[in-house]
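Residues per chain are reported as follows:
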Amino acid sequence: MHTRTFGKTGMEITPIGLGAWAIGGGNWQFGWGSQDDNESIATIHRAIDLGVNWIDTAAVYGLGHAEEIVGKALQGRGEKPYIFTKCERTWNERREIVPSLKAASIQREVEDSLRRLDVDVIDLYQIHWPQPEEDIEEGWSTLVKLKEQGKVRAIGVSNFNVEQMERCKKYGPVETLQPPYSLLNRDAERDLLPYCEREDIGVIAYSPMRSGLLSGRMTKERVAQMPDDDWRKNDPDFQSPRLERNLELAKMLTEDVGFPHNVGAGVVAIAWVLSNPAVTGAIVGARHPNQIEDLLPAAELRLSELELDQIEQFMQKHPVQV
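None of the values given here were measured: they were computed from a predicted structure. Just so you know, the residues in each chain are numbered from 1, in the order the chain's sequence is written. Predicted model: local features are reported for residues with pLDDT of at least 70 only, side-chain atom pairs are reported and counted for 80 or more only, and whole-chain, interface and lining totals are derived from all residues. Hydrogen atoms and water are omitted, and side-chain values are computed over all heavy atoms in the structure.

## Observations concerning the overall build of the protein chain
So, point 1. Looking only at helices and strands, the protein chain has 11 helices and 12 strands in total.
So, point 2. Values of the radius of gyration come from C-alpha atoms, whereas the globule rule sets the reference at 2.2 Å times the count of residues to the power 0.38. Its C-alpha radius of gyration of 19 Å places the protein chain within 12% of the 20 Å reference for a compact globule of 322 residues.
So, point 3. Its C-alpha atoms put the protein chain at 50 × 40 × 40 Å along the principal axes.
So, point 4. Each residue's exposure class comes from its accessible area (1.4 Å probe, protein chains only) as a fraction of the maximum for that residue type: buried when under 20%, exposed when over 50%, partly exposed otherwise. In the protein chain, which comprises 322 residues, the share counted as buried stands at 57%.
So, point 5. Only the protein chains shown count as cover for residues, and the accessible areas themselves come from Shrake-Rupley with a 1.4 Å probe. Surface accessibility of the protein chain: about 13900 Å² in total, with carbon and sulfur atoms responsible for 47%.
So, point 6. Charge-centre separation for the protein chain: the mean point of 36 positive side chains lies 1 Å from the mean point of 50 negative side chains. Here a strand is any run of E in DSSP of at least two residues, a helix any run of H or I of at least four, and the numbering for each starts at the N terminus. When charges are counted, Lys and Arg contribute as positive and Asp and Glu as negative, whereas His and the chain ends are disregarded. Note on charges: their place is set at NZ of Lys, CZ of Arg, CG of Asp or CD of Glu.

In structure tokens, the structure reads:
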């Protein structure tokens with residue numbers, strides 16, 4: 001698989017990285033329902049075997065569980081992928097999520113992540129959310145220090161806007177951004193992606209398939225049967241009237257664009273995200289080995305101008321219903 005230069009981090013990463021949100025399992029506020037750990041480990045192994053060279057996770061996924069599974073999966077592996085993780089989302093004994101950008105908290109978090117991941121250095125350490133906003137400067141200056149200390153190789157942010165990244169620049173350059181970006185969430189196109197392109201900030205987009213909605217495998221019946229601890233069940237995009245429109249988009253991506261390439265909607269949706277010149281890579285979540293196998297062709301698929309126009313025409317004819 002070919003690689004792309006990841007901003008100023010010095011890393012060359014594959015266009016697709018494995019996202020570890022879902023493998024954190026259920027039993028927490030933003031879980032995806034129960035998940036078999038052996039399936040998770042098999043998925044990580046399969047992704048690496050297929051050439052994926054980075055994994056994106058976070059301390060909060062499964063309240064530490066996803067990081068532990070990533071660490072366990074990589075034990076004994078010869079050539080290991082880059083590991084990206086995040087801080088700022090902490091939790092208490094009642095499993096309630098508590099945002100913190102205090103220096104002492106981040107210092108504790110990085111040590112916990114290093115332990116769970118069983119690594120000496122984290123390749124990319126990111127602030128998960130800009131919360132509490134008044135502590136952004138304290139949080140970012142702490143990440144700058146962690147890089148100076150050699151605990152992390154590169155530092156970045158997730159879910160930040162341009163103004164917040166500008167505030168960070170006073171203490172040290174923002175090397176990467178992780179925004180949500182998909183056909184169903186194009187907010188990043190307004191100013192975030194142009195800014196990152198100008199500043200040479202590496203971008204890894206999350207939810208390129210809008211949490212499975214554009215995978216081509218989502219149905220109204222499947223949404224109705226989602227367990228109560230799957231956060232998507234209460235998301236507006238997974239409910240009428242948006243759900244019907246979104247499933248119609250997935251059908252079009254499969255039948256009109258994917259069919260000639262012998263790929264499904266998910267591959268087309270990811271390839272569309274990767275077609276933006278500001279995007280370095282797309283985070284693709286997978287819970288089973290066959291999922292990463294099915295989606296990997298997106299790394300090499302180049303959508304033509306005609307195909308991109310075809311997708312754009314559908315979006316204009318079928319605007320998001322609120």
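## Comments concerning the pairing of strand S12 (residues 281-285)
So, point 1. Extensive coverage of S12 is indicated by the burial of four of its five residues.
So, point 2. Sheet topology note: the strand S3 (residues 16-19)/S12 ladder contains four bridges and is parallel. Of the residues in S12, the one forming a bridge with Gly19 is Gly285.
So, point 3. Where strand S11 (residues 202-205) lies against S12, two bridges are found, and the strand directions are parallel. Its bridge partner being in S12, Ile204 is matched across the sheet by Gly281. DSSP-based pairing: two strands are paired if at least 2 bridges between them are found.

## Here's the deal with the pairing of strand S9 (residues 152-158)
On any regular strand, side chains alternate: one points to one face of the sheet, the next to the other face.
So, point 1. S9 sits mainly inside the fold: six of its seven residues count as buried.
So, point 2. With five bridges connecting them, strand S8 (residues 122-127) and S9 associate as parallel partners. The residue of S9 that forms the bridge with Ile122 is Val152.
So, point 3. Viewed with both strands pointing away, a crossover whose connecting path from the first strand over the helix to the second turns clockwise is right-handed. On the question of chirality, the crossover connecting S8 to the parallel S9 by way of helix H4 (residues 136-149) is right-handed.
So, point 4. Here S9 pairs with strand S10 (residues 176-178) via three bridges, running parallel. Across the sheet, residue Gly156 finds its bridge partner in S10, namely Thr176.
So, point 5. Handedness of the crossover is the feature at issue here: the chain leaves S9, passes through helix H5 (residues 162-169), returns alongside S10, and the resulting connection is right-handed.

## Quick look at helix H2 (residues 65-74)
So, point 1. Most of H2 sits inside the fold, with seven of its 10 residues counted as buried.
So, point 2. Contacts from the buried residues of H2 go to helix H1 (37-49), strand S4 (54-56), strand S5 (82-87) and helix H3 (103-117).
So, point 3. Positioned one or two residues after H2, Gly76 has a phi angle of 80 degrees, which is positive. It only takes one pair of heavy atoms within 4.5 Å for two residues to be counted as in contact.

## Here's the deal with the environment of Ala66
So, point 1. One can find Ala66 in helix H2.
So, point 2. Sequence separation between Ala66 and Ile44 is 22 residues; the distance between their C-alpha atoms is 11 Å.
So, point 3. Setting aside chain neighbours within four positions, we find Ala66 in contact with Ala20, Ile23, Gly24, Thr57 and Tyr61.

## Thoughts on the packing of aromatic side chains
Aromatic ring pairs are defined here through the distance separating the ring centres and the angle between the ring planes.
So, point 1. For Phe, Tyr and Trp, where Trp contributes only its six-membered ring, two rings pair if their centres lie within 6.5 Å, and the inter-plane angle classes them as stacked under 30 degrees, edge-to-face over 60, or tilted in between. One pass over the full model with this rule turns up five aromatic pairs.
So, point 2. Their ring planes at 15 degrees and their centres at 5.9 Å tell us that Trp21 and Tyr61 sit as a pair that is stacked. One end of the pair, Trp21, is in the loop between S3 and H1; the other, Tyr61, is in the loop between S4 and H2, and 40 residues separate them in sequence. Considered together, Trp21 and Tyr61 belong to a single accessibility category, that of buried residues.
So, point 3. Ring pairs connect the aromatic residues Phe6, Trp54 and Phe84, which therefore count as one cluster.

## Some words on the packing of H4 against H5
So, point 1. Closest axis-to-axis distance for the H4/H5 pair is 9 Å, and the angle between their directions is 55 degrees. Relative to H5, H4 is oriented oblique. Taken as a pair, H4 and H5 cross one another with a handedness that is right-handed. Listed contacts from H5 to Ile136, Glu137 and Trp140 of H4 are Gln164, Arg167 and Cys168.
So, point 2. Of the residues contributing to the contact of H4 with H5, the split by class is three nonpolar, one polar and two charged. To get an axis, a line is fitted to the C-alpha atoms, and for a helix only the part in contact is used. The angle between two axes follows their N-to-C directions and goes from 0 to 180 degrees. The labels follow the angle: roughly parallel below 35 degrees, roughly antiparallel above 145, roughly perpendicular from 65 to 115, and oblique for the rest. A clockwise turn of the near helix away from the far one marks a right-handed crossing, whereas an anticlockwise turn of less than a right angle marks a left-handed crossing. Gly is put with the polar residues, along with every residue not named as nonpolar or charged; the nonpolar set is Ala, Val, Leu, Ile, Met, Phe, Trp, Tyr, Cys and Pro, and the charged set is Asp, Glu, Lys and Arg.

## Concerning the packing of H1 against H2
So, point 1. Interaxial distance between H1 and H2 falls to 9 Å at its minimum, and their mutual angle equals 55 degrees. Between H1 and H2, the crossing angle belongs to the class labelled oblique. H2 is crossed by H1, and the crossing has right-handed handedness. Residues Asp37, Ser40, Ile41, Ile44, His45 and Ile48 of H1 pack against His65, Ile69, Val70, Lys72, Ala73 and Leu74 of H2.
So, point 2. In terms of residue class, the contact of H1 with H2 is built from seven nonpolar, three polar and two charged.

## Comments concerning the sheet that holds S9
So, point 1. A barrel is described by the order of its strands in space; here eight strands give the closed sequence S3-S4-S5-S8-S9-S10-S11-S12, paired in parallel fashion. Ignoring strand direction, the axes of neighbouring strands in this sheet form an average angle of 30 degrees.
So, point 2. With four bridges connecting them, S5 and S8 associate as parallel partners. In the strand pairing of S8, Cys87 is matched with Ile127.
So, point 3. Running over the sheet, H4 touches S5, S8 and S9 and is turned about 160 degrees from S9.

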